[in-house]
Amino acid sequence: MAHLLEVKNLEVNFKTYGGEVKAVRDVSFHVNKGEILAIVGESGSGKSVTVQSIMGLIPTPPGIIRGGTIHFHDKDILKMSKKEMRKIKGSKISMVFQDPMTSLNPTMRIGKQIEEGLILHQGLSKDDAKKRAIEMIKLVGIPNPEERYNQFPHEFSGGMRQRAMIAIALSCNPELLIADEPTTALDVTIQAQVLELMKDLQNKLDTSIILITHDLGVVAETAQRVIVMYAGMMVESGTVFDLFENPKHPYTWGLLESIPKVEDGEKKPLVPIEGSPPDLFSPPKGCPFAPRCKFAMDICLEEIPPDFEIDQGHTAKCWLNDPRAPKVEDLVAAGSEE
Amino acid sequence: MSEHILEVQQLSKYFHINKNQTVKSVDDISISIKKGETFGLVGESGSGKSTLGKTIVGLQAPTSGNIIYNGKDVEKLDKSTKKVINRELQIIFQDPHASLNPRMQVGDIIAEGMDAYKLAKGQERQNRIYELLERVGLRPEHAKRYPHEFSGGQRQRIGIARALAVKPKFIVADEPISALDVSIQAQVINLLDDLKKEEELTYLFIAHDLGMVKHISDRIGVMYLGKMMEMSESDELFKNPLHPYTQALLSAIPNPNPRADKRERIVLQGDPPSPVNPPSGCRFRTRCPHAMDICSQKAPEWKEIQKDHWTACHLY
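Residues numbered from 1 in each chain as written. Chains lettered and ligands numbered in written order. Predicted model: local features only at pLDDT ≥ 70, side-chain atom pairs only at ≥ 80, totals over all residues.

### Notes on the overall build of chain B
Piece 1. Helix and strand counts for chain B come out as 10 helices and 12 strands.
Piece 2. A globule of 316 residues ought to have a C-alpha radius of gyration of about 20 Å, and chain B, at 21 Å, matches this closely.
Piece 3. Out of the 316 residues in chain B, the part that is buried amounts to 46%. (Helix = DSSP H or I, 4+ residues; strand = E, 2+ residues; numbered from the N terminus. Rg over C-alpha atoms; globule rule 2.2 N^0.38 Å. Buried ≥ 20, exposed ≤ 12 C-beta atoms within 10 Å, placed from the backbone.)

### Structural notes on the domain arrangement of chain A
All names here are of chain A.
Piece 1. Segmenting chain A into domains produces domain 1 (1-92 + 175-338) and domain 2 (107-173).
Piece 2. For domain 1 and domain 2, the distance between their C-alpha centres works out to 31 Å.
Piece 3. Ranked by residues supplied to the side of domain 1 that touches domain 2, first place goes to helix H7 (residues 188-205) with six residues. (Domains from an automatic or database assignment.)

### Points about helix H6 (residues 158-170) of chain A
Residue and element names in this part refer to chain A.
Piece 1. End to end, H6 covers 18 Å across 13 residues, agreeing with the expected 18 Å (1.5 Å per residue, within 8%).
Piece 2. Buried residues dominate H6, accounting for 12 of its 13 residues.
Piece 3. All buried positions along H6 are accounted for by Gly 159, Met 160, Arg 161, Gln 162, Arg 163, Ala 164, Met 165, Ile 166, Ala 167, Ile 168, Ala 169 and Leu 170.
Piece 4. Looking at the buried side of H6, the elements it contacts are strand S6 (93-96), helix H3 (110-122), helix H4 (126-139), strand S7 (176-180) and H7. (Expected span 1.5 Å × (residues − 1). Contact = placed C-beta atoms within 7 Å.)

### Regarding helix H10 (residues 250-257) of chain A
Piece 1. Buried within H10(A) we find Pro250(A), Tyr251(A), Thr252(A), Gly254(A) and Leu255(A).
Piece 2. Structurally, H10(A) contributes buried residues whose contacts are with helix H8 (216-222), strand S9 (225-230), strand S10 (233-239) and helix H9 (240-245) of chain A together with helix H6 (182-199) of chain B.

### Section: the interface of chain B and chain A
Piece 1. Contacts between the two partners involve 32 residues from chain B and, on the opposite side, 36 residues from chain A.
Piece 2. Across the side of chain B that touches chain A, the residue classes break down as 14 nonpolar, 12 polar and six charged. (Nonpolar A, V, L, I, M, F, W, Y, C, P; charged D, E, K, R; others polar.)

### Let's talk about the environment of Glu303(A)
All names here are of chain A.
Piece 1. Here Glu 303 shows up in the loop between helix H11 (298-302) and strand S11 (308-311).
Piece 2. A tally of 12 C-beta atoms within 10 Å means that Glu 303 is categorised as exposed.
Piece 3. In this structure, the C-alpha to C-alpha distance between Glu 303 and Pro 284, residues 19 residues apart in sequence, is 9.4 Å.

### Notes on the sheet that holds strand S2 (residues 19-31) of chain A
All names here are of chain A.
Piece 1. The strand order S2-S1-S4-S5 describes an open sheet built from four strands, whose pairing is antiparallel. Edge strands, defined here as strands with exactly one partner in the open sheet, are S2 and strand S5 (75-76).
Piece 2. Of the strand pairs in this sheet, strand S1 (residues 5-16) and strand S4 (residues 63-72) are connected by eight bridges, and their pairing is antiparallel. Residue pairing for S4: Leu 5 is matched across the bridge by Phe 72. (Pairing = 2+ DSSP bridges.)

### A look at the sheet that holds strand S3 (residues 36-40) of chain A
Residue and element names in this part refer to chain A.
Piece 1. The sheet built from eight strands is open, its strands ordered S6-S7-S8-S3-S9-S10-S12-S11 with mixed pairing. In this open sheet, the two edge strands, each paired with only one partner strand, are S6 and S11. Within the sheet, the average angular offset between the axes of one strand and its neighbour, ignoring direction, is 20°.
Piece 2. The pairing of S7 with strand S8 (residues 208-213) spans five bridges and is parallel. Across the sheet, Asp 180 pairs through a bridge with Ile 212, a residue of S8. (Axes fitted to C-alpha atoms, helices over the stretch in contact; angles between N-to-C directions.)

### Remarks on the environment of Gly159(B)
Residue and element names in this part refer to chain B.
Piece 1. Inspection of the secondary structure assignment puts Gly 159 in helix H5 (residues 152-164).
Piece 2. Of the residues examined, Gly 159 has 25 C-beta atoms within 10 Å and is grouped as buried.
Piece 3. Discounting chain neighbours no more than four positions away, the residues touching Gly 159 are Ile 92, Phe 93, Pro 96, Ser 99 and Leu 100.

### So, the pairing of S4(A)
Residue and element names in this part refer to chain A.
Piece 1. The sheet contact formed by S4 and S5 spans two bridges and is antiparallel. Residue pairing in the sheet places His 71 in a bridge with Asp 76 of S5.
Piece 2. Taking the residues that link successive antiparallel strands as the turn, the S4-S5 hairpin has two residues, and the phi of His 73 there is positive, at about 50°.

### Some words on unusual backbone geometry
Residues and elements named next belong to chain B.
Piece 1. A positive phi angle, close to 50°, is found at Lys 118, a residue other than glycine.
Piece 2. You can see Lys 118 is positioned in the loop between helix H3 (106-116) and helix H4 (122-135).
Piece 3. Located in the positive-phi region is Leu 225, a residue other than glycine, with phi close to 50°.
Piece 4. Positionally, Leu 225 belongs in the loop between strand S9 (219-224) and strand S10 (227-233).
Piece 5. The exposure class of Leu 225 is buried, given the 22 C-beta atoms found within 10 Å.

Here it is in structure tokens:
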């Protein structure tokens, strides 16, 4: 079956005074119909830039898409004309941004902001659009939809604004919803509400979702498949079970170890990943994680590892998975003897 | 009592926004913190946890109530003793991008407190800066740089070094890790943990990430709309949460285990009400799944249900 979205060998650079920053390097992944794909990574790992290129939101200049293809159904988004792109954006693919405070228009009533897309893409009349907008407000769980329809964003709380954003994004029944850290700015109890809502809508409307987050808890609870990004590269990808139970990249290990386990009884010190991510102006020659990696070998500093296939659909960009590499268990044992 | 380094007694902090409206940001809160303990304070935005922290270190004057530090009431002290106490109570701020002066060199930022208290001069001052930088995992040559040259995690380390410079006894850490990436958070938490042991510090650790709070704290207080809802030892709080708000808060933490039984999640309805006009009686009642008639009429008492486990709820 063809994938709904297929990204292949995507490369995105940004021109700055200091040189060209390689924000996304050779990233390939796909999204199936009706699934939630999570992208995790630290700030600067290229996760937002990746999805922005899907939406055609990379400002050029300074951004340049150096290579790769993004196929939505069978068409390459990167080769589309502006006009074709405009037809897809907002109707077939839509996006929810991180900060609900700044991504709504403060001078426009919420209802009108939801209607905009409906009138533009679906050619609804004003009355129909209003009906649909009120339905959408109800669907995302905002009480008193008729009253809320006429309110301005400043009259909404953070969680409500995020719901309004989701209502706008879903108003045209998109096939793909991109959510860029939709809950990061929200409190835990509100985060729980918004995540439940997204899962619920995915079930009801069979929308595919790309969920960007840095919270592994959110990943475990919502996603079916996960991509881990580091320094512009995709270092590991697989199902949630692959990632949490059989991770094969030291960066993924590090991420999993650095979160406190709520259910643990005893207190162990957290295991942080020492150091900080590399400078993307001049990324290291070899594996970008090698300088922070406990298991780095000579080859890691010299050559970028390929994607090793661990299982079907589970890949890891790490030399440790090469059959010639020493077993990690042996390295750990050797390390503890020292 | 010498056992408690800090006692907060019925502390309130109100902000008047206009003639008729008052925000009761912190309302009648009492906590006692033992020497060497880490007390975690959790709550959603607007619950008053940062205001409480700032009031304790003296950045704001309380509206009413007392702050007893080492057995002495801070308000009633003469200026010189107060100055000593102000030195011993330090704070680390949430946003490492906004809390460092961008026009000052890191060394001077760290030494500012030392200069104000005339703790060190000349070569000694310089050595102390280098020592502090190394203490928090930076390098001495960083002293000549400016804040913009550092990453978020490094800036937070500078903030910690600045607090340590004046040899504090008690540190309020106001969401010190929420602006940082996951892999960096663990570094800063471990640093705070090590410093606590070595410098014999006491922490008031404010956060909204319950996982981290549990990890670092001995006891935890849960705040909602300016009121303390529940307080107990941290393991006890996670095992046996009494207040419906705490229960909802705990069940809302996403569990990083994809195979975990999807826990009975208590999804709260609605948003926290405005602190300008809080609900009558119990402030949580508008979102509480167990709300009864009495909840709207009478504010629940602050009671000790089990030993060292306090809560304010009509269910008990």
